Amino acid sequence: MSECRVLSGKDCIITCKFGMRTHPVTGAYKLHNGVDVVGEGYSLAYITAHTEGIVEFAGYNSALGYHVNIRLENGDMMQYCHMQGGLQVKIGDFVEQKQILGIMGSTGLSTGAHLHFGIQSGGVWVDPSPYLHADYLEDTMTYEKFCEFMAQYEAERNAKPVSDWAKEAWASMVSDGVFDGSRPQAPLTRQEAALVLGRQKGAADGV
Ligand SMILES: [Zn+2]
């Protein structure tokens, strides 16, 4: 296994996936809005920044414990929770990829030392698991960004009402089976975007 992007020098084991679940402490059934990871062998580890950005929050609350929120250049946000006291960064810092943020802990609502890692894109929590070993900015595109991209693309070509066009394009891609709808809110990969553009072009060319 290769090194995990959010732990220093270790691979990640996902102990709880992104999605609906019953919270182990509160008992509430709601979205688990990130992934829980520990180091290989269930070891502690330094927590490192997945992607560079500006520290928007570094501190404590009773749910997330000691946590750090990093705002990315594209406007998305990455969140690192339940660390031990003694965070290595402060609000306003610019953080490089793989820079140490703190040490894995169990502060806040937590049943044992782990990292809860979340990604918020366009105000929506997305599944971070595809990105633990991969770039985020380069390889992913959310539904909102896809619509924005398609809208811009279309606007440059002609002057149709672009937002409607992008929504219709998305709906037709789902109905055409380009996407099966099994991953609502999930990030679109660059490969999928290329497939979509290829099929749209094929349709325009009458192929
Ligand atoms: Zn969690």
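Worth saying up front: this structure is predicted, and the values here are computed from it rather than measured.

**Some points on the coordination of the zinc ion**
Stage number 1. Note on the zinc ion: its protein donors are H32 (NE2), D36 (OD) and H116 (ND1). The metal-donor distances range over 1.9 to 2.1 Å.
Stage number 2. Each donor residue of the zinc ion belongs to the same chain, with the gaps between them written as H-x3-D-x79-H. On the criterion of sequence distance, the pair formed by H32 in strand β3 (residues 29–32) and H116 in strand β11 (residues 115–121) is long-range, its members being 84 residues apart. Each member of the pair, H32 as well as H116, carries the same accessibility label: buried.

**Overview of the confidence of the model for the chain**
Stage number 1. Here the chain shows a mean pLDDT of 81. Residues at 70 or above account for 67%.
Stage number 2. Here strand β13 (residues 140–141) stands out as the least confident element of the chain, with mean pLDDT 56; strand β9 (residues 94–95) is the most confident, with 98.

**A few points about the environment of T48**
Stage number 1. Inspection of the secondary structure assignment puts T48 in strand β5 (residues 46–48).
Stage number 2. In this structure, the C-alpha to C-alpha distance between T48 and M104, residues 56 residues apart in sequence, is 9.9 Å.
Stage number 3. Aside from chain neighbours lying at most four places away, what touches T48 is R5, V6, L7, S8, Y80, K98, Q99, I100 and L101.
Stage number 4. A polar contact is formed between the side chain of T48 and the backbone nitrogen of L7, at a distance of 3.4 Å.
Stage number 5. Polar side-chain contacts of T48 include one of 3.4 Å to the side chain of K98.

Definitions and limits used
- Residues numbered from 1 in each chain as written.
- Predicted model: local features only at pLDDT ≥ 70, side-chain atom pairs only at ≥ 80, totals over all residues.
- Heavy atoms only, no water.
- Donors = N, O, S within 2.8 Å, 3.2 Å for Na, K, Ca; no water.
- Helix = DSSP H or I, 4+ residues; strand = E, 2+ residues; numbered from the N terminus.
- Buried < 20%, exposed > 50% of the residue type's maximum accessible area, 1.4 Å probe, protein only.
- pLDDT = per-residue confidence, 0-100.
- Contact = heavy atoms within 4.5 Å.
- Polar contact = N/O pair within 3.5 Å; in protein donor to acceptor, adjacent residues only side chain to side chain.

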